[in-house]
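# Descriptive analysis of the structure
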Amino acid sequence: MDIKLIQFSPHGDDRGQLVALEETREIPFPIKRVYYMYKTVPDAVRGKHAHRKLEQVLVCLHGSCKVRLDDGKEKQVVLLDKPWEGLYLSNVVWREMFDFSPDAVLMVLASDYYDEADYIRNYGDFLAFLRKQSEKEGN
Ligand code: T46
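The present account deals with the structure reproduced in this document. Nothing here was measured: the structure is a model prediction, and the numbers come from that model.

## Thoughts on unusual backbone geometry
Here T24, not a glycine, exhibits a phi torsion of approximately 65°, which is positive. Tracing the backbone shows T24 in the loop between β3 (16-18) and β4 (33-37). Phi is positive for D99, which is not a glycine, with a value near 55°. The residue D99 is located in the loop between β10 (94-98) and β11 (105-110) in this model. We classify D99 as partly exposed; its relative accessible area is 38%.

## Description of the site of the ligand
Close to the ligand lie 13 residues; R33, R46, H51, Q56 and Y119 are nearest. Backbone polar atom of G47 to an oxygen atom of the ligand: 2.7 Å apart, as the coordinates give it. Contact with the protein chains removes 68% of the 640 Å² of surface that the ligand exposes when unbound. Sorting the residues of the shell around the ligand by element identifies β4, β5 (46-51) and β10 as the ones contributing at least two each.

## Some thoughts on the sheet that holds strand β6 (residues 56-62)
Sheet architecture is open: 5 strands sit in the order β1-β9-β6-β11-β4, paired in antiparallel fashion. Edge positions in the sheet fall to β1 (3-7) and β4, since each of these pairs with one other strand and no more. Strand-to-strand, the axes of this sheet are offset by a mean angle of 25°, without reference to chain direction. In this structure, β1 lies alongside strand β9 (residues 85-89), joined through 5 bridges in antiparallel fashion.

## With respect to the state of the cysteines
Any covalent bond linking the sulfur atoms of two cysteines counts as a disulfide. The tally for this structure, following the rule as stated, stands at 0 disulfides. Not engaged in a disulfide, the cysteine C60 finds its nearest cysteine sulfur in C65; these two sulfurs lie 4.5 Å apart. The class of C65 is buried, set by a relative accessible area of 0%.

## Structural notes on the sheet that holds strand β8 (residues 75-80)
With respect to topology, 5 strands assemble into an open sheet ordered β8-β7-β10-β5-β12, the strand pairing being antiparallel. Two strands lie at the open edges of the sheet, namely β8 and β12 (119-120), each paired on one side alone. Where β5 lies against β12, 2 bridges are found, and the strand directions are antiparallel. Each bridged residue has a counterpart across the sheet, and for A50 the counterpart in β12 is I120.

## Looking at the nonpolar core
In this structure, L58, L69, L80, L87 and L106 are the most contacted members of the largest nonpolar core, which totals 17 residues. Every element with two or more residues in this core is listed here: β6, β7 (65-70), β8, β9 and β11. A total of 3 residues in this core trace back to one element, the largest contributor, which is β7. Residue contacts for L69: discarding those within four places in its chain leaves M1, I3, E74, K75, Q76, V78, L87, L89, V93, W94 and R95. Among the nonpolar cores identified, the runner-up in size contains 9 residues, and F8, V57, M107 and L109 belong to it.

## Some points on helix α1 (residues 123-136)
Spacing of three or four residues puts side chains on the same side of an α-helix, whose turn is 3.6 residues. The end-to-end C-alpha distance of α1 is 20 Å, a good match for the 20 Å that 14 residues give at a rise of 1.5 Å each. The residue sitting at the N-terminus of α1 and contributing the capping side-chain oxygen is N122; that oxygen lies 2.9 Å from the backbone nitrogen of G124. G138 sits one or two positions beyond α1 and adopts a positive phi of about 75°.

Definitions and limits used
- Residues numbered from 1 in each chain as written.
- Predicted model: local features only at pLDDT ≥ 70, side-chain atom pairs only at ≥ 80, totals over all residues.
- Heavy atoms only, no water.
- Helix = DSSP H or I, 4+ residues; strand = E, 2+ residues; numbered from the N terminus.
- Buried < 20%, exposed > 50% of the residue type's maximum accessible area, 1.4 Å probe, protein only.
- Near = heavy atom within 4 Å.
- Polar contact = N/O pair within 3.5 Å; in protein donor to acceptor, adjacent residues only side chain to side chain.
- Areas by Shrake-Rupley, 256 points an atom, 1.4 Å probe, with all protein chains shown as cover.
- Pairing = 2+ DSSP bridges.
- Axes fitted to C-alpha atoms, helices over the stretch in contact; angles between N-to-C directions.
- Disulfide = S-S within 2.5 Å.
- Core = buried A, V, L, I, M, F, W, Y, C linked by side-chain atoms within 4.5 Å.
- Contact = heavy atoms within 4.5 Å.
- Expected span 1.5 Å × (residues − 1).

Shown next, in the form of C-alpha cells:
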C-alpha cells in the first residue's frame, strides 16, 4: 500500500516543542493547500473516498483519530495521536477517518488545490480506477 508514517523532528527546548514542515523535505511534495478539521462529532466517519491524483499528509495536531485505509488489495487501520508524526497517503488509497477524540484537530497538507473532479466517491468506481491503472501499467 502506498502510504507511510513520517516521523518529524521536533525542535525541543526548555520552552516546549516546535515542528517545522517544509515542502519536498519533511513533506514529499510541493504543498498547495492546508486544511484542518476539529469539533468532529464522536461517531462521525469522514473521507470515504480516494483521489485520482492528489497526495496528502495527515497530521493529528491534538487528540487522536483513526484512518481506515484500503488500496483494493489490503486494508489497514492507522492511529494518529502524535503531533510529530504524519501519515502520507498517495492518491489511490480509499480512506475513512473515524474514532475522533472530542479534542482532535486533524491537519492535512495537500499537493493540489481543492478540486471535486479529483474525488472518487464510489467504492466500485475506485476498484474500476485501480483495474484501469494496472492495465495501463501492463500488470
Ligand atoms: C481527504 C480527507 C483526508 C473545501 O471547500 N475545500 C477543501 O479544501 C476541502 C478539503 C473541503 N472543502 C469543502 C467540501 C465540502 O463541502 O468542505 C466540505 C467537507 O469536505 P469533505 O466532505 O470532502 O471532507 P472529508 O473530511 O470527508 O475529506 C477530506 C478531504 O476532502 C479529502 O481530500 O482526503 O479529508
